[in-house]
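A look at the structure
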Amino acid sequence: MHTTLHKVSDLTVEQNAARKTLSETCYPPGIPWHGESIEWSRVDWSSICWENNVAHAHAGGIIRQGTLNSKPVKIGGVGGVMTLPESRGQGLASDSIRLLLELFERENVDFVLLVCEKHLIPMYEKLGFRIHDGEMMVTQRGKEERFDFNHVMTRSVRATETGSLNLMGPPW
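Before going into details, it helps to say that this report is about the structure given with it. (Residues numbered from 1 in each chain as written. Predicted model: local features only at pLDDT ≥ 70, side-chain atom pairs only at ≥ 80, totals over all residues. Heavy atoms only, no water.)

**Observations concerning the packing of aromatic side chains**
Here is the rule: For Phe, Tyr and Trp, rings pair up if their centres lie within 6.5 Å, where Trp contributes its six-membered ring, and each pair is then called stacked (planes under 30 degrees apart), edge-to-face (over 60) or tilted (otherwise).
Tallied over the full model, the rule gives six aromatic pairs. Through a chain of ring-to-ring contacts, the aromatic side chains of Trp33, Trp40, Phe147 and Phe149 assemble into a single cluster.

**Structural notes on unusual backbone geometry**
Defined as follows: Numbering of helices and strands runs from the N terminus; a helix is a DSSP stretch of H or I covering at least four residues, while a strand is a stretch of E covering at least two.
Backbone geometry places Asn52, a non-glycine residue, at a positive phi of 50°. Turning to its location among the elements, Asn52 is positioned in the loop between strand 2 (45-51) and strand 3 (54-68). Within the chain, Asn150 stands out as a residue other than glycine whose phi angle is a positive 55°. Relative to the assigned elements, Asn150 resides in the loop between strand 8 (143-146) and strand 9 (151-156).

**A closer look at the pattern of salt bridges**
Side chains carrying opposite charge are able to pair once their charged atoms draw close together. Rules: Between Lys or Arg on one side and Asp or Glu on the other, a salt bridge is scored when a side-chain nitrogen of the former is within 4 Å of a carboxyl oxygen of the latter. Burial classes: relative accessible area under 20% of the type maximum marks a residue as buried, over 50% as exposed, and values in between as partly exposed (1.4 Å probe, protein chains only).
Throughout the structure, instances matching the rule amount to five salt bridges. A salt bridge links Glu24 to Lys20, with the nearest nitrogen and oxygen atoms 3.8 Å apart. You can see Glu24 and its partner Lys20 sitting in helix 1 (residues 13-26), four residues apart, about one turn around the helix. For the salt bridge of Arg146 with Glu135, the shortest nitrogen-to-oxygen distance reads 3.1 Å. A residue pair is termed long-range when its members are at least 10 positions apart, and Arg146 in strand 8 and Glu135 in the loop between strand 6 (130-131) and strand 7 (136-140) qualify at eleven residues. For Arg146, a relative accessible area of 47% gives the class partly exposed. Classification of Glu135 as partly exposed rests on a relative accessible area of 30%. Three or more residues joined by partner-sharing salt bridges are found here, namely Glu135, Arg146 and Asp148.

**What to know about the side chain of Ser46**
So the rule is basically this: Here, two residues are considered to be in contact whenever any of their heavy atoms come within 4.5 Å of each other.
Relative to the helices and strands, Ser46 is located in strand 2. For Ser46, a relative accessible area of 0% corresponds to the buried category. Those residues in contact with Ser46 that sit more than four places away from it in its chain are Thr4, Leu5, His6, Val8, Leu11, Arg19, His58 and Ala59.

**What to know about the environment of Val152**
Here Val152 lies in strand 9. Placed 21 residues apart in sequence, Val152 and Ile131 show a C-alpha to C-alpha distance of 5.9 Å. Apart from the residues lying within four places of it in its own chain, the contact partners of Val152 are Leu113, Leu114, Val115, Arg130, Ile131, His132, Met136 and Phe147.

**Focus on the nonpolar core**
Side chains of a nonpolar character, in soluble globular proteins, are inclined to be buried together. Note the following rule: Here, nonpolar core means buried Ala, Val, Leu, Ile, Met, Phe, Trp, Tyr and Cys residues that are tied together by side-chain atoms lying within 4.5 Å of each other.
Ranked by size, the top nonpolar core spans 19 residues in total, and within it Val78, Ile97, Phe104, Tyr124 and Phe129 carry the most contacts. Elements with a contribution of two residues or more to this core: strand 4 (71-83), helix 2 (92-106), strand 5 (111-116) and helix 3 (121-126). The greatest single-element share of this core, amounting to six residues, is contributed by helix 2. With 16 residues, the next largest nonpolar core counts Ile38, Phe111, Leu113 and Val138 among its residues.

**Some remarks on the pairing of strand 3**
Rules: Here the rule is simple: two strands pair whenever DSSP picks up at least two bridges between them.
Across the 15 residues that make up strand 3, a large majority, twelve, are buried. Here strand 2 runs beside strand 3; their pairing, made up of seven bridges, is antiparallel. In the strand pairing of strand 3, Cys49 is matched with Ala57. Alignment of strand 3 against strand 4, held across eleven bridges, turns out to be antiparallel. Each bridged residue has a counterpart across the sheet, and for Ile62 the counterpart in strand 4 is Gly77. Two successive antiparallel strands, strand 3 and strand 4, enclose a turn made up of two residues, where Asn69 displays a positive phi of approximately 55°. Note that strand 3 and strand 10 (residues 165-166) share two bridges and pair antiparallel. Bridge pairing links Leu68 to Leu165 in strand 10.

What follows is the structure, encoded as structure tokens:
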């Protein structure tokens, strides 16, 4: 298996189809999900683990200006993390995330942020993330509101990430 990083806008038709197949396998259409009412941002980067032109794992990335304690910060975001059920437990999603972390370091983000379910916290802790200590504000359908969905985790790159955070847009 090998992992590649692409701007989403540069993905080929075949790569987009493979990413869509992975997404539909991990999140079958028509099955209710407790986050479907949330307005989510689209990612700008796709880190994909491949074998024989099949996407086995994916992590999406976004870079955005936000605020931390009312001061401007550059945030790297990780979202859309998924792994084929038969490929789980092999570290493939972690490999995809590591490529994004390298990108975020090159892009001089202050810290990286993701949102996850409780059972995934230990996996993200192994990658250096920790539960965010403070509230997080997001924009939902044009209105700023507190984000209380799942668990917000952060990983420092250049700055401490403790305090009141505003993503200045929808979460990812």
